[in-house]
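Structural overview for review
Here are the chains, one letter per residue:
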Amino acid sequence: MRQLNAGNYFSRAMNMRYMSVSQYKAFDNCEAAALAEIKGKYRREETTSLLVGSYVDAFYEGTLDVFRQTHPQIFKRDGELKSDYIQANEIITRTMRDRYFSKLMSGEKQVIMTGKIAGVDVKIKIDSLRPDMIVDLKVIRDFDDLTLDDRGRLPFFEAWRYDMQGAVYQEIVRQNTGKKLPFVLACATKEKVTAIDAIEIEQRSLDFCLDEFAAAIPGFDAVKKGIVKPERCEKCDYCKETRRLKKPTLSGEFYL
């Protein structure tokens, strides 16, 4: 059996073999779309917003040159960076100027670990693993709260399930090292003037999220293995693209 490594971490085979936090979030949004993506039958749009974050990630990984070569869309026709990625360079400069932010990002980079939660194989990839903490780099729009239809108004780190990410990372690191390390978000914003912060997710939140993750992933794993048929949300782009009409929808259903 092939070993999980940086080269195959995002491969179809390893995504099928291991659960991850990103998979959890995808399945929680739409099981049908998540399964189609894992099987290579669907690919989510690679937005500029995501690429800006990946650009900063690549800098701290030490792979920025490779990222530039493999993403020609970040350049204008004259070879200069587009404005969004010039801003990404400014974000990098701002974070490097802060001594504590630099300290947070000085740990071992892109550490891959695996473990089991609720009997399911799980993989993680840590941005910066220090002896005293787990650090994940986040490049976000701003620090404002977000309002979700099904969950109400939440802090950004809860709305984006970064607390869930911390819970899973902490547990897998504990399984591999015997240490239960705190989880810290090293954050920088995409605002005109970049704001930075370091946010430690409290242990009670991590414990709650780990229970939530453990309760859900056996069902998601059963979907991946074909034991259970995936549910469709009928709201996401994948469901819109693949919907097949069978009969009319009664007008009264629009009032529900």
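First, a word on scope: everything that follows refers to the structure included in this document. (Residues numbered from 1 in each chain as written. Predicted model: local features only at pLDDT ≥ 70, side-chain atom pairs only at ≥ 80, totals over all residues. Heavy atoms only, no water.)

Here the structure, examined in full by the defined rule, presents 12 aromatic pairs. Arranged with centres 5.1 Å apart and planes meeting at 85°, the rings of Phe59 and Tyr60 form a pair that is edge-to-face. Since its relative accessible area comes to 28%, Phe59 is described here as partly exposed. Of the residues examined, Tyr60 reaches a relative accessible area of 12% and is grouped as buried. Here the aromatic rings of Tyr169 and Phe183 are separated by 6.2 Å at their centres, their planes lie at 85°, and the arrangement is edge-to-face. (Phe/Tyr/Trp six-rings, centres within 6.5 Å; stacked < 30°, edge-to-face > 60°. Buried < 20%, exposed > 50% of the residue type's maximum accessible area, 1.4 Å probe, protein only.)

This paragraph deals with the packing of helix α4 (residues 48-61) against helix α6 (residues 83-97). Relative orientation of the contacting elements α4 and α6 amounts to 40°, with a least axis distance of 10 Å. Classed by the angle they form, the pair α4 and α6 counts as oblique. Judged by the twist between their axes, the crossing of α4 over α6 is right-handed. For the pair α4 and α6, the contacting residues are Thr48, Leu51, Val52, Tyr55, Val56, Phe59 and Tyr60 in the first and Asp84, Tyr85, Ala88, Asn89, Ile91, Ile92, Thr95 and Met96 in the second. (Axes fitted to C-alpha atoms, helices over the stretch in contact; angles between N-to-C directions. Helix = DSSP H or I, 4+ residues; strand = E, 2+ residues; numbered from the N terminus. Parallel < 35°, antiparallel > 145°, perpendicular 65-115°, else oblique. Left-handed = near helix turned anticlockwise from the far one by under 90°. Contact = heavy atoms within 4.5 Å.)

Bringing unusual backbone geometry into the picture now. Of note, the phi angle at Gln110 is positive, near 50°, even though the residue is not glycine. With respect to the helices, strands and loops of the structure, Gln110 is situated in strand β1 (residues 108-117). Even without being glycine, Ala118 reaches a positive phi, approximately 55°. By the secondary structure assignment, Ala118 is in the loop between β1 and β2 (120-130).

What follows covers the sheet that holds β2. A sheet is described by the order of its strands in space; here five strands give the open sequence β1-β2-β3-β6-β7, paired in mixed fashion. This sheet does not close on itself; its edge strands, each paired only once, are β1 and β7 (196-200). Direction aside, neighbouring strands of the sheet carry axes that sit 40° apart on average. For strand β3 (residues 133-140) and strand β6 (residues 183-189), the ladder comprises seven bridges, and the chain directions are parallel. Within β6, the position partnered with Leu137 by the bridge is Ala186. Against the sheet, helix α9 (residues 162-177) makes contact with β1, β2, β3 and β6, and its axis sits at roughly 85° relative to β1, the strand it touches most. Those strands touched by helix α10 (residues 203-224) are β1, β2 and β6, and its axis lies near 140° from that of β2. (Pairing = 2+ DSSP bridges.)

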